[in-house]
Amino acid sequence: MIESSRSDVNILATINTETKQVLLLSTPRDYYVPLSISNGAEDKLTHAGIYGVDVCMDTLEMLYGVNVDYFFRVNFSGFEDIINSLGGVNVYSEQSFSTENYSYTEGYNYMDGAKALEFVRERYAFADGDFQRGRNQLALIQGVMDKMLSADMLMNYNSVLDAVAGSFETSIPYDVLSGIVRDQLSSGGSWNIVSYSVSGYGDMQTTYSAGYASVVIPDESTVETAKELINQVYAGETISKP
């Protein structure tokens, strides 16, 4: 049974398996947007999770004008388990910084589950706080995808899935996953993975779920850029980071 809780990380993946294009789109958790069940009243995006994963998906659909087919949901303990089951991952950090337990250098850093978790949770070390945290989360996902697309992982994907069973929830059918793996093994080729984060500015506003609270007012130009990138992936075009 899927529990309802705040959705602190909201990443929309748009994938074209024919052209091998992937867009990873991060939306700040405090983005001030109408929820799918709020009758137009605006709220923090993170509060969508209180009403269930379907509301999260529907709210992102409203924001970006797309259909969200599947979800993948993981909590912090499951996140660590997945990274450790992969044998750790190499992740690119845009800058050097330190957390309570770890230090990260600009460039690629090898991370086990615990180190990866602090990497994606840290925000106080950065001048732009939550926005850099969002970019770090995208970098971690790209590191996971790079690892999963390696030949060794693809050849043993059944054992990998068995190892991480119980660490996450997803609505992606098994035959869809296995089909992507089979196609990649037969056709080969590299994938173009592009990350993008929408942005905005901080403010205090009345929210649908929690009264007066700090929020992020969307920069609509970045939302439009995100929509354009999504449409390019759908159209089979090669995308690049704006």
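A few points on the structure. (Residues numbered from 1 in each chain as written. Predicted model: local features only at pLDDT ≥ 70, side-chain atom pairs only at ≥ 80, totals over all residues. Heavy atoms only, no water.)

Details of the sheet that holds strand S2 (residues 21–26)
Heads up, the rule is: Any two strands between which DSSP finds at least two bridges are classified as paired. Secondary structure elements are taken from DSSP: a helix is a run of H or I of four residues or more, a strand is a run of E of two residues or more, and numbering for both begins at the N terminus. Axis geometry follows a simple rule: fit a line to the C-alpha atoms, using only the stretch in contact for helices, then measure angles between N-to-C directions, giving values from 0 to 180 degrees.
Taken together, the 3 strands give an open sheet; going across it, the order is S1-S2-S11, and neighbouring strands pair in mixed fashion. Each edge of the open sheet is held by one strand with a lone partner, namely strand S1 (11–16) and strand S11 (192–197). Each adjacent strand pair in this sheet contributes to an overall mean axis angle of 15°, direction not counted.

Details of the pattern of salt bridges
Note the threshold: We define a salt bridge as a side-chain nitrogen of Lys or Arg found within 4 Å of a carboxyl oxygen belonging to Asp or Glu.
Applying the stated criterion across every chain yields a total of 7 salt bridges. For the salt bridge of Arg73 with Glu169, the shortest nitrogen-to-oxygen distance reads 3.9 Å. With Arg73 in strand S5 (residues 72–73) and Glu169 in strand S10 (residues 169–170), the pair connects residues that are 96 residues apart, well separated along the chain. By sharing partners, the salt bridges in this structure join Arg29, Asp130 and Arg133 into a single network.

Section: the nonpolar core
Filter applied, for reference: Definition of nonpolar core: a set of buried residues of the types Ala, Val, Leu, Ile, Met, Phe, Trp, Tyr and Cys, connected through side-chain atoms within 4.5 Å. For every residue, the accessible area obtained with a 1.4 Å probe (protein chains only) is divided by the maximum for its type, and the residue is called buried under 20%, exposed over 50%, and partly exposed between those limits. Residue contacts are defined here by distance: any two heavy atoms, one from each residue, within 4.5 Å place the two residues in contact.
In this structure, Leu23, Leu25, Tyr31, Tyr64 and Val198 are the most contacted members of the largest nonpolar core, which totals 24 residues. If you list the elements that add at least two residues to this core, you get S2, helix H1 (53–64), S11 and helix H8 (220–234). The contacts of Leu23, once residues within four sequence positions are left out, are Leu12, Ala13, Thr14, Val194, Tyr196, Ala226, Leu229, Ile230, Val233 and Ile239. By size, the runner-up hydrophobic cluster in this structure holds 20 residues, among which are Phe79, Ile82, Met153 and Val160.

Structural notes on the packing of helix H3 (residues 113–121) against helix H4 (residues 130–148)
To keep things clear, this is the line we draw: Polarity classes work like this: nonpolar for Ala, Val, Leu, Ile, Met, Phe, Trp, Tyr, Cys and Pro, charged for Asp, Glu, Lys and Arg, and polar for all others, with Gly in that last group.
Contact geometry for H3 and H4: axes closest at 7 Å, N-to-C directions at 145°. Judged by residue contacts, Ala116, Phe119, Val120 and Arg121 of H3 engage Arg133, Asn136, Gln137 and Leu140 from H4. Here the residues of the contact of H3 with H4 are counted per class, giving 4 nonpolar, 2 polar and 2 charged.

Things to note about the environment of Asp54
With respect to the helices, strands and loops of the structure, Asp54 is situated in helix H1. For the pair Asp54 and Ser36, spaced 18 residues apart in sequence, the C-alpha separation works out to 9.2 Å.

Here we look at unusual backbone geometry
One non-glycine residue, Lys20, lies in the positive phi region at around 60°. Inspection of the secondary structure assignment puts Lys20 in the loop between S1 and S2. On the basis of relative accessibility, which here comes to 14%, the residue Lys20 falls in the buried class. A positive phi angle is found at Asn39, which is not glycine, with a value near 55°. Inspection of the secondary structure puts Asn39 in the loop between strand S3 (32–34) and strand S4 (42–44).

Any functional reading would require information that these geometric values do not contain.
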